[in-house]
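# Notes for the structure review
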Amino acid sequence: MLEKLAEIKSKAIDELSSLSDLRELEAWRVRYLGKKSELTQILRGLASLPLEERKAVSASANELKAFFETSHRENKESLKERAYQEMEAATVGRQITLPTGIPSAETFGIPDVTLPGRPIPLGRLHPTTQMLCRICDIFVALGFQVVEGPEVEWDYYNFEALNIPPDHPARDMFATFWIETESGQRPMLLRTHTSPMQIRVMERTQPPVRVVVPGKVYRYEATDATHESMFYQIEGLAVDEHTTFSDLKGTLYEFAKRLFGEERRVRFRCDYFPFVEPGVEMAIDCMACGGSGCRLCSGTGWIEILGAGMVHPDVLRRVNYDPEVYTGFAFGLGLERIPMLLYGIDDIRLFYSNDLRFLRQF
Amino acid sequence: MKAPISWLREYVEIALHPEELSDKLTMSGTEVSGLEATGGWENIVVGEVVAIAPHPNADRLTLATVDLGGERLTSVCGAPNVDIGQKVPFAHSGAQLIDPESGELVRLKKEKIRGIASAGMICSERELGISDRHEGIMVLPPDAPSGTPLNEYLGDTTLDLYITPNRPDLLSIIGIAREVAALTGKAINIPDTRYAEAGESIGGKASVEIRDPDLCPRYCATLITDAKVGPSPPWLEQRLLACGMRPINNIVDVTNYVMLEHGQPLHAFDFEKISEKRIIVRRARNESIITLDGMVRDLSSDMLVIADGQRPVAIAGVMGGAGSEVTEATTAVLIESANFNPASIRRTSIKFKLGSEASLRFEKGLSAELPLQALRRATQMMAELSGGKIARGIIDVYPGKREVKPISLTTKQVARILGIKIAREKVAKVLGSLGFQCERVSPGELSVAVPYWRTDVRLAEDLVEEIARIIGYDDLPTTLPSGALPRYKPDPMRALIEKVSNILVGCGMQEVITYSLTSLAMLRKVTPQPAALKVANPITTEQECLRTTLRPGLLQTLSANEKHENNSIRLFEVGKVYLPREGDLPEERHMLSGVLCGTRLDQSWHGDSERLDFFDAKGVLETLMERLGVAPRFEPSEDKTFSPGSRATIVVGGESVGTLGELHPRVAERCDISSRPVYLFEIDLERLLPATMAPLKYRPIPKFPITLRDIAVVVNEEIPSKRVQDIIEGSPLVSRVTLFDFYTGKQVPEGKKSLAFRVLYQSPSRTLTDEEVNRAQQEIVSRLSRELGATLRQ
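## Some words on the overall build of chain A
When its secondary structure is counted, chain A shows twelve helices and ten strands. The dimensions of chain A, computed from C-alpha atoms along their principal axes, are 125 × 50 × 50 Å. Of the contacts formed within chain A by residues at least 6 apart in sequence, a portion of 66% connects residues at least 24 apart. In the structure as shown, chain A presents an accessible area of about 16900 Å², 51% of it carried by carbon and sulfur atoms. Of note, chain A has its 42 positive side-chain charges centred 8 Å away from the centre of its 52 negative side-chain charges.

As structure tokens, this is what we get:
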């Protein structure tokens, strides 16, 4: 019996050395380790052998089984590795094409990695929405809350409550779309700025207030490359017991640095808006020329970004905030101007005419 | 407002370069929008005409000998006004001049004119680029120094300033000079306005009566007789031109000059034409006036006029009447210098669409203290330039005089607003430089008297701005707000919009933002209810009303883009619609709408793609709803905007939240859309919002094995597949049902359809036995048969 085992072993080793693929290895395994293999038969027949012989054969047969199992495992690994290597050798420099002429990855590799991928429909947010989110996020990080308000407004909120009574020359700064109303009704309009929300927010909350208000505004204006009848503004308002002009500067400097980059210089100059005092216009140094003067900045080296100021005491009084106790700052910026500057867009009308060839660039 | 630096220098010393000066002005609130250099002439000098001889070969030409401060040159001159003793600009050959015909720059060459060599040229204003005048040579003032380069003598830089509406005092050269003085620490010199009076007192010759003192707080007048009207001297004309005004005659020019200098508009009447020699300031009646521009203006009782004994002679503060205009024949001039109610002036000038230099100043609120000083200056200049006599005295009717109280300002207030302590002395110094008079009340408090010209300064806060802007905003500290954060109020609609937009972008949809204003015609094309708010003053009919649906903008965007898009177009917009409300602001409702058309996939080598269909659009909505945690039902609808059969109402929690369908070809055609089919959906976000607010709750991942079974049934065609699915899902052991096949055709009877579902059985608490699943499956099948007449398909 032991001779038989030795014979099986030598035969199996012989065959093993000539195996060329996994299929043949599997056949080998069935032949030498399968249920019907000689080795399995011998192991099953052990019980019928005399005790002495049984011991000897059992030890040898189990040893042979372990040997076969190890050989099988090792050969399997090396055959797999051989197959991978062959595959790699095949893909390099060889294009595999099925008879139909359709390039296929089913065999090995693909015919040409420069072929375009399968198209996936792609959506994007409008550049205004993207910039709006970016700017609001900056102010949210500075403790501001985002609120929104009506676009159709009463004259009171858009003008009178902001120190712009009827016949005030500052009304020339805001060309207005008026809404048809019944005679005797209060004058209704499309808000010309987001500032009316200063009044609405203060009317319904007590200080401290810290909000930003994004939204559409409207101007009764013939459109051209720099003028639109509808555009977006973001209004900011902070009111508290110790809010100062220095806080306004700090907040807006921080905003400008985060949006435009640390290297931008920021400038505050005096300007006039009826509902703030002192009034401010903030500019950054021109990103195109770095301040030496070019077409983008009309030779001044500076680009106006927003208007701001300390909330006028008369405005505070109108919403029953005591200007002796509270001070506040407010700012308002035109949104489209910012992507126009950052991306070199030369016509504001592109934003809301929604040409997909424009929108897809952002 | 234009301000030549040479003119500013009359009142304040300016050592700064024009660029530095404009930077200082800009930073402190007076924006310099441009610097305009006049001159830049080379090879042109001041000369004196010393001899004139006729040209031997031409009747109209002369030979003018010009002394250039020692050197004498002779040039051929064609100007009719050349005369001995004139100071003139003389161009040497090589000088660059403007060709009067073409307007282009040309270089003067040495040449012979009709046989005589010309050593140079005496120039006209047009050739020098000073004005359009070319009737004759330019004549310089007699004191112009011969031999001096013209650029040194006449070259100048003019500041172009944007004056904010709160600072009418800066619509004057003196006002700007005051700013320059404060910004540079120099003194300001105001011109002397003393003059000699002669003859009768004005009181005996003319009278002024103000009938409406609320509209005219003050009216001052002087009278000049024996005046000779003629052109103004060149220096005066130059200044008017530099400031953008046209010289007319010495009388009118003085009123304009003094207005530019002091900021006070003035008017000159031909006194002979003032009926009854009375000036009455009153509201207009039903009457009309021909204004200086030749227009007949109908006046109404809300307008203030200057009238004589009979009729209006001027629209107060807006424009004078043609009937009392100063002409060549005028010898007696009544000069008006008054103060008018700004709102009234503004209303009148808007009504007439007549924004004059005068009305632009009056409407911003000038000081009532200004007229007298300006009047003195004008009277002095006019008498001097016209050779007239000044009647004794000044008429000054001043019913609106008001005491201006000083403002109390504490250093604490300054610190409270600016965030930095500024010493009282520094505050007083800065304010003093602007003409404010500060008196110390206590160690930290000042009493500040506002100079009369600063009508914009009323409060302590106004003074704080003055301090800040003169010190310079850039020199103030930079801090962040220190107080407590306000209580956070969540805004679920904003959160929903952000989420919806991001999901749709993930579904391959492009966001658009379209105009809120649209046309009634467009609304009528796409919606059955076009009741919209109308704009009272639309610019175009395309933007005449506020949208009540997002459809117009989306469909117009689709129409505009389909010409250059050859794959698919998938657009959505989240925006407001504006629904009118009786006697109130409209309801502004947040809506979502989308359109899809074209091919499912972009064209590629992977093969042709099918066209998008109803279920692509529905798939987007289902994905959206699933991500929002909402289970919508789609029910057949009757919306006529869509094609019959391909339209559905989207129902959430028993309420319709929107609609979906294939755009009716009739609607598509009206909207100028050539793509077919087009799918459109519309969701009312306000109605959807509550369903999205249900709190999220985690469900444990089932541990027990699943059993898959298929159910294929044949039902009548009109039975919605959702009803079949609902019955299957109704079985308590079923955890998920997927429709994987839908068929109508030869294999099933006429009027029937086959539906095949894959049913997933799973219990959260135990392993299901085959028997249990079989029983459940059987129950489902018998319920389908009982309730829907379904038969099993083999």
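## Side note on the overall build of chain B
Along chain B, the regular secondary structure elements total 21 helices and 40 strands. Scaling as 2.2 N^0.38, a compact globule of 794 residues should have a C-alpha radius of gyration of about 28 Å, whereas chain B reaches 42 Å, well beyond that. For the C-alpha atoms alone, the extent of chain B along its principal axes is close to 130 × 80 × 60 Å. When each of the 794 residues of chain B is scored for burial, the buried share is 52%. A separation threshold of at least 6 residues defines the contact pool for chain B, and within that pool the share at least 24 residues apart is 68%. Accessible surface computed for chain B: about 37200 Å², of which carbon and sulfur atoms make up 50%. Each charge sign in chain B was given a centre, from 95 positive and 105 negative side chains, and these centres are 5 Å apart.

## Regarding helix H12 (residues 424-433) of chain B
All names here are of chain B. Of all the residues in H12, the buried ones are Arg424, Val427, Val430 and Leu431. An end-on view of H12 places all buried positions within 130° of arc, on one side of the element. For H12, exposure combined with an orientation more than 90 degrees from the buried face picks out Glu425 and Lys429. Those residues of H12 that are buried lie in contact with strand S25 (407-410), helix H11 (411-418), strand S26 (437-442), strand S27 (445-449) and helix H13 (460-471).

## Overview of the packing of helix H7 (residues 250-262) of chain B against helix H10 (residues 370-386) of chain B
All names here are of chain B. Axis separation between H7 and H10 bottoms out at 9 Å; the angle between their running directions is 145°. The element H7 and its partner H10 pack so that their crossing is right-handed. Of the residues in H10, those touching H7 at Asn250, Ile251, Val254, Thr255, Tyr257, Val258, Glu261 and His262 are Leu370, Gln373, Ala374, Arg377, Ala378, Met381, Met382, Leu385 and Ser386.

## Comments concerning the interface of chain B and chain A
Contact with chain B, which involves 91 residues of that partner, is made by 96 residues of chain A. A combined buried area of about 7900 Å² lies between chain B and chain A, and 55% of that area is made up of carbon and sulfur atoms. The largest contributions to the chain B side of the interface with chain A come from B:Arg416, B:Tyr473 and B:Ile513, which together make up 9% of the buried area. Our count for the contact surface shared by chain B and chain A stands at seven salt bridges. Between B:Glu565 and A:Arg360 there is a salt bridge whose closest N-O contact spans 2.7 Å. There are 52 residue pairs in polar contact (both at pLDDT 80 or more) connecting chain B and chain A. Tallying contributions element by element places strand S31 (residues 568-581) of chain B first for the side of chain B that touches chain A, with seven residues. Class assignment for the residues of the side of chain B that touches chain A results in 37 nonpolar, 25 polar and 29 charged.

## Examining the domain arrangement of chain A
By domain assignment, chain A separates into domain 1 (2-91) and domain 2 (127-359). The gap between the C-alpha centroids of domain 1 of chain A and domain 2 of chain A is 84 Å.

## Thoughts on unusual backbone geometry
Negative phi is the rule for most residues except glycine; trans is the rule for most peptide bonds. Across the junction of A:Pro207 and A:Pro208, the peptide omega takes the value 0°, indicating a cis bond. With respect to the secondary-structure elements, A:Pro208 resides in the loop between helix H7 (196-204) and strand S5 (209-218). Even without a glycine there, the phi angle at A:Asn320 is positive, about 60°. You can see A:Asn320 is positioned in the loop between helix H9 (313-318) and strand S10 (327-334). Look at B:Glu276: it is not a glycine, yet its phi comes out positive at around 60°. When you line up the elements, B:Glu276 lands in the loop between strand S15 (266-270) and strand S16 (278-283).

## Focus on the pairing of S16(B)
All names here are of chain B. In terms of strand pairing, strand S13 (residues 207-210) meets S16 through four bridges, oriented parallel. Across the sheet, residue Ile210 finds its bridge partner in S16, namely Val281. Relative to strand S19 (residues 304-307), S16 runs antiparallel, the two sharing four bridges. Its bridge partner being in S19, Val281 is matched across the sheet by Ile306.

## Details of the sheet that holds strand S35 (residues 655-663) of chain B
All names here are of chain B. Pairing within the open sheet is mixed, and its seven strands lie in the order S28-S31-S32-S36-S35-S34-S33. Each edge of the open sheet is held by one strand with a lone partner, namely strand S28 (510-511) and strand S33 (633-636). Relative to strand S36 (residues 678-684), S35 is paired through five bridges, and the arrangement is antiparallel. Across the sheet, the residue bridging to Leu660 is Phe681, located in S36.

## Things to note about the packing of H11(B) against H13(B)
Residue and element names in this part refer to chain B. Remark: H11 packs on H13, axes separated minimally by 10 Å, with the N-to-C direction vectors making an angle of 70°. Considering the angle they form, H11 stands roughly perpendicular to H13. Residues Gln413, Val414, Ile417 and Leu418 of H11 form the contact with H13, whose participating residues are Ala460, Glu461, Val464, Ile467 and Ala468. Among the residues making up the contact of H11 with H13, the classes are represented as seven nonpolar, one polar and one charged.

## Some details on the domain arrangement of chain B
Here chain B is described as being made up of domain 1 (2-39 + 157-184), domain 2 (44-154), domain 3 (202-397), domain 4 (407-474), domain 5 (492-692) and domain 6 (707-792). Using C-alpha coordinates to define each centre, domain 2 of chain B is positioned 55 Å away from domain 4 of chain B.

## Focus: the pairing of strand S3 (residues 44-54) of chain B
Looking along a regular strand, one sees the side chains alternate between the two faces of the sheet. Residues and elements named next belong to chain B. Looking at chain direction, S3 and strand S6 (residues 87-92) are connected through five bridges and run antiparallel. Across the sheet, residue Glu48 finds its bridge partner in S6, namely Lys87. Pairing geometry for S3 and strand S4 (residues 62-67), over six bridges, is antiparallel. If you follow Pro54 over to S4, its bridge partner there is Thr62.

## Digging into the environment of B:Glu179
All names here are of chain B. Mapped onto the elements of the fold, Glu179 is located in helix H5 (residues 173-184). Taking the C-alpha atoms as reference, Glu179 lies 9.2 Å from Ile470; in sequence the two are 291 residues apart. Setting aside residues up to four positions removed in sequence, Glu179 forms contacts with Leu25, Ser28, Thr30, Arg167, Leu170, Leu434, Arg454 and Arg469.

## A closer look at the state of the cysteines
Across all of its chains, the model carries zero disulfides over all chains by this definition. B:Cys438 supplies the cysteine sulfur nearest to A:Cys270, a cysteine that is in no disulfide, at a spacing of 18 Å.

## Some remarks on the environment of A:Gly236
Residue and element names in this part refer to chain A. Note on placement: Gly236 falls in strand S6 (residues 230-240). In this structure the C-alpha to C-alpha distance between Gly236 and Val146, which are 90 residues apart in sequence, comes to 9.2 Å. Contact partners of Gly236, with chain neighbours within four places excluded, come to Val211, Val212, Phe329, Ala330 and Phe331.

## With respect to the sheet that holds strand S7 (residues 266-270) of chain A
Residue and element names in this part refer to chain A. Pairing is mixed across the open sheet formed by seven strands, whose spatial order is S1-S5-S6-S10-S9-S8-S7. Edge positions in the sheet fall to strand S1 (145-146) and S7, since each has one partner strand and no second. Here S7 runs beside strand S8 (residues 276-285); their pairing, made up of five bridges, is antiparallel. Note on S8: the bridge partner recorded for Arg269 is Glu281.

## A few points about the nonpolar core
If you look at the biggest cluster of nonpolar residues, it comprises 184 residues, and the most contacted ones within it are A:Ile135 and B:Leu409. Core analysis: the next-biggest nonpolar cluster, separate from the first, contains 39 residues, B:Leu223, B:Phe271, B:Ile289 and B:Leu366 among them.

## A word on the side chain of B:Thr659
Residue and element names in this part refer to chain B. Checked against the element boundaries, Thr659 lands in strand S35. What makes Thr659 buried here is its relative accessible area of 10%. A polar contact of 3.4 Å, which involves the side chain of Thr659, links it to the backbone oxygen of Ala648. Setting aside chain neighbours within four positions, we find Thr659 in contact with Arg551, Asp639, Phe642, Ala648, Ile650, Leu680, Phe681 and Glu682.

Quick notes on the rules
Residues numbered from 1 in each chain as written. Chains lettered and ligands numbered in written order. Predicted model: local features only at pLDDT ≥ 70, side-chain atom pairs only at ≥ 80, totals over all residues. Heavy atoms only, no water. Helix = DSSP H or I, 4+ residues; strand = E, 2+ residues; numbered from the N terminus. Contact = heavy atoms within 4.5 Å. Areas by Shrake-Rupley, 256 points an atom, 1.4 Å probe, with all protein chains shown as cover. Lys, Arg positive; Asp, Glu negative; His and termini not counted. Charge placed at Lys NZ, Arg CZ, Asp CG, Glu CD. Rg over C-alpha atoms; globule rule 2.2 N^0.38 Å. Buried < 20%, exposed > 50% of the residue type's maximum accessible area, 1.4 Å probe, protein only. Arc of directions from axis to C-beta. Axes fitted to C-alpha atoms, helices over the stretch in contact; angles between N-to-C directions. Left-handed = near helix turned anticlockwise from the far one by under 90°. Buried area = accessible area lost by both parts, 1.4 Å probe. Salt bridge = Lys/Arg side-chain N within 4 Å of Asp/Glu carboxyl O. Polar contact = N/O pair within 3.5 Å; in protein donor to acceptor, adjacent residues only side chain to side chain. Nonpolar A, V, L, I, M, F, W, Y, C, P; charged D, E, K, R; others polar. Domains from an automatic or database assignment. Pairing = 2+ DSSP bridges. Parallel < 35°, antiparallel > 145°, perpendicular 65-115°, else oblique. Disulfide = S-S within 2.5 Å. Core = buried A, V, L, I, M, F, W, Y, C linked by side-chain atoms within 4.5 Å.

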